[in-house]
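# Structure assessment
For reference, the chains in residue letters:
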Amino acid sequence: MVNKLCPETTALIRLYKNETELSYRKIAARCGVSKSAVHKICNTKLRRKLVPKISNGRVGRPRCLNERDERLLLRAVKTLRKTSVNFSVKDVIQESGLDPSIAKRRTISLYLNRAGYHHLQARKKGLLSESDKKIRTKYARNAKKLLKDSPKFYTHDISFYLDGISFVHKYNPLKTALQPKSRVWRKRGEGLEITSKGSKDLPGGRRLHLMVAVAYGKGVILRKAYEKMDGPFFAGFVKENLNLCFAKAGPRRGRQRIFVMDNCPCQNSKVALLALDSIECTRHKIPARSPDLNPIENIFHVVKKQLEEQAINMRLSKESFQNFHDRVCRCLDNLSVDLVDRTLETMSNRITAILREKGIRSKY
């Protein structure tokens, strides 16, 4: 066996091969080894160590994309991101104008990864700072004590939950519904800024803005469209609609007039707070950057999912803004009271989850 030969014998075999013209048979006879052993030593180990490798400077297959193609792909990504965050590699190829046959989608996806773009989880809210986590934990502790004294505070003491929502109209809702929503093409550092509110830059399309209120045992008690949210508008909205909301929600335990609203700066301006004082109601404050503590956000998510399912089931490839407006209002009006009640009843579980995770956002 070759691996049992001593180094001196191996060196002698190579010396005979390089310095003489002896055949393999004669070398084997002189060294006392088999002919096959001489052949292996001279043609494998010798070739690996003495014969230089010939290389043209490139390793592997030739590149499918040249520098111009890569520039077009990056330009296409930036163009698509101005109108929508939900696009596929196929959309990037179409926008760039490249021939789809020059490279597979996997190749283009890998190039986008090298350029810094990854198909990552979409971020709609700012990150929680350490201060935010402490505030959320403190709120959860106080809420836990409150629930011990009043286990049904979030359902029977609070009259209603109020928030604004924007629905984006698309002329082809079917295409939008079929696109992936959970992940978007972005760089790892994008969307991670610690801000008081998430970005208001929505995907392209006209927006339908609605103020919505839901109450336990009543379902949706208010939906009103608006064009622009600011302090004066919200002050007028409070004076015109909140007394009606309290009346529709019905009397609550202890005859309290408490409602939940998020921390939008427009809704917490001086003129808006004066309007709230004028109707003698109390706002239950939740911490900033805490959508998991406002169950109406989950109801909005259900409505958006229903709109997508309708677009797919009805094959809506074309829809006007008025038809979209009517469809959104029908979805809100048809929300079951049981769905709203079950969503509001999860508040105690949300409080427990925040305490367990020490202020980190919960699954809600």
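As annotated in an unreviewed UniProt entry, the chain carries the name Transposable element Tcb1 transposase and comes from Paramuricea clavata.

Before going further, it helps to examine a positive patch on the surface. Taken together, the side chains of Arg 141, Lys 144, Lys 145 and Lys 148 present a region of like positive charge at the surface. Relative to the helices and strands, Lys 145 resides in helix α7 (residues 130–149).

The next subject is the layout of surface pockets. Approximately 310 Å³ is the volume found for the second largest pocket. Along its surface, the second largest pocket is lined by Arg 61, Arg 63, Cys 64, Leu 65, Glu 70, Ala 103, Lys 104, Arg 106, Thr 107, Leu 110, Tyr 111 and Arg 114. In terms of residue count, the dominant contributor to the lining of the second largest pocket is helix α6 (residues 105–114) (5 residues). Of the residues belonging to the lining of the second largest pocket, the class tally is 5 nonpolar, 1 polar and 6 charged.

Mean pLDDT for the chain: 83, with 86% of residues reaching 70 or above. This model gives residues 45–52 a pLDDT under 50, and the stretch forms 9 contacts once residues within four places in sequence are excluded. When the criterion is pLDDT under 50, residues 192–202 qualifies, and its contacts beyond four places in sequence or with other chains add up to 18 contacts.

Residues Tyr 154, Tyr 161, Phe 167, Leu 210, Val 328 and Ile 351 are the most contacted members of the largest nonpolar core, which totals 35 residues. Look past the residues within four positions of Val 328 in its chain and what remains in contact with it is Phe 167, Leu 208, Leu 210 and Leu 307. Residues Val 238, Cys 266, Ala 272 and Leu 276 belong to the second largest nonpolar core, which totals 26 residues.

Further remarks concern the pattern of salt bridges. What the rule picks out here adds up to 10 salt bridges. A salt bridge links Glu 70 to Arg 63; its shortest N-O distance comes to 2.5 Å. Two residues, Lys 305 and Glu 308, come together in a salt bridge whose shortest N-O distance is 3.9 Å. Of this pair, Lys 305 and Glu 308 both sit in helix α12 (residues 296–313), 3 residues apart, which is roughly one turn of the helix. Take Glu 308: its relative accessible area is 22%, and that puts it in the partly exposed class.

With that settled, the discussion passes to the packing of helix α4 (residues 67–83) against α6. Put simply, α4 and α6 touch, their axes get as near as 11 Å, and they point 75° apart. Here α4 is positioned roughly perpendicular relative to α6, judged by the angle of their axes. Contacts between α4 and α6 involve Glu 70, Leu 73, Leu 74 and Val 77 from the former and Ile 108, Tyr 111 and Leu 112 from the latter. Counted by class, the contact of α4 with α6 contains 6 nonpolar, no polar and 1 charged residues.

Right, let's talk about the side chain of Arg 283 for a bit. Topologically, Arg 283 is positioned in strand β7 (residues 282–284). No salt bridge is formed by the buried Arg 283; the nearest opposite charge belongs to Asp 262, separated by 6.7 Å. A polar contact is formed between the side chain of Arg 283 and the side chain of Asn 268, at a distance of 2.5 Å. Aside from chain neighbours lying at most four places away, what touches Arg 283 is Phe 259, Met 261, Asp 262, Asn 263 and Asn 268.

Moving on, we come to the environment of Arg 81. Following the sequence through the fold, Arg 81 ends up in helix α4. For Arg 81, a relative accessible area of 28% gives the class partly exposed. Along the backbone, Arg 81 and Trp 185 are 104 residues apart, and their C-alpha atoms lie at a distance of 8.4 Å.

What follows covers the pairing of strand β4 (residues 207–215). With respect to burial, β4 is a largely interior element, 8 of its 9 residues being buried. Where strand β2 (residues 158–168) and β4 come together, 8 bridges link them in antiparallel fashion. Counted as the bridge partner of Ile 165 is Leu 210 from β4. Bridging between β4 and strand β5 (residues 219–226) involves 7 bridges; their strand directions are antiparallel. In the strand pairing of β5, His 209 is matched with Tyr 226. Counting the residues between successive antiparallel strands, the hairpin from β4 to β5 contains 3 residues, one of them, Gly 217, with a positive phi of roughly 80°.

A few words on the packing of α7 against helix α15 (residues 347–356). In contact at an axis separation of 9 Å, α7 and α15 are set at 135° when each is read in the N-to-C sense. Comparing the axis directions of α7 and α15 gives the class oblique. Here α7 and α15 pass one another in a crossing that is left-handed. Residue-level contacts link Arg 136, Thr 137, Tyr 139, Ala 140, Arg 141, Ala 143, Lys 144 and Leu 147 of α7 to Ser 348, Ile 351, Thr 352, Ile 354 and Leu 355 of α15. Of the residues that constitute the contact of α7 with α15, the class distribution is 7 nonpolar, 3 polar and 3 charged.

Within this structure, the stated rule accounts for 7 aromatic pairs. Seen in terms of ring centroids, Phe 234 and Phe 237 are 5.9 Å apart; in terms of plane orientation they differ by 25°. Their pairing is stacked. With a gap of 3 residues between them, Phe 234 and Phe 237 both fall in helix α10 (residues 231–249), about one helical turn apart. In this pair, the class of Phe 234 matches that of Phe 237, namely buried. Among the aromatic residues, those joined into a ring-pair cluster are Tyr 226, Phe 233, Phe 234 and Phe 237.

Rules behind the numbers
- Residues numbered from 1 in each chain as written.
- Predicted model: local features only at pLDDT ≥ 70, side-chain atom pairs only at ≥ 80, totals over all residues.
- Heavy atoms only, no water.
- Patch = residues over 30% accessible without salt bridge, like charges linked within 9 Å, V, L, I, M, F, W, Y side chains within 5 Å.
- Areas by Shrake-Rupley, 256 points an atom, 1.4 Å probe, with all protein chains shown as cover.
- Salt bridge = Lys/Arg side-chain N within 4 Å of Asp/Glu carboxyl O.
- Lys, Arg positive; Asp, Glu negative; His and termini not counted.
- Charge placed at Lys NZ, Arg CZ, Asp CG, Glu CD.
- Helix = DSSP H or I, 4+ residues; strand = E, 2+ residues; numbered from the N terminus.
- 1 Å grid on protein atoms, 1.4 Å probe; cavity = no way out; pocket = protein on both sides within 12 Å on 5 of 7 lines; lining within 4 Å.
- Points joined across faces, edges and corners; volume = space filled by probe spheres on them.
- Nonpolar A, V, L, I, M, F, W, Y, C, P; charged D, E, K, R; others polar.
- pLDDT = per-residue confidence, 0-100.
- Contact = heavy atoms within 4.5 Å.
- Core = buried A, V, L, I, M, F, W, Y, C linked by side-chain atoms within 4.5 Å.
- Buried < 20%, exposed > 50% of the residue type's maximum accessible area, 1.4 Å probe, protein only.
- Axes fitted to C-alpha atoms, helices over the stretch in contact; angles between N-to-C directions.
- Parallel < 35°, antiparallel > 145°, perpendicular 65-115°, else oblique.
- Polar contact = N/O pair within 3.5 Å; in protein donor to acceptor, adjacent residues only side chain to side chain.
- Pairing = 2+ DSSP bridges.
- Left-handed = near helix turned anticlockwise from the far one by under 90°.
- Phe/Tyr/Trp six-rings, centres within 6.5 Å; stacked < 30°, edge-to-face > 60°.

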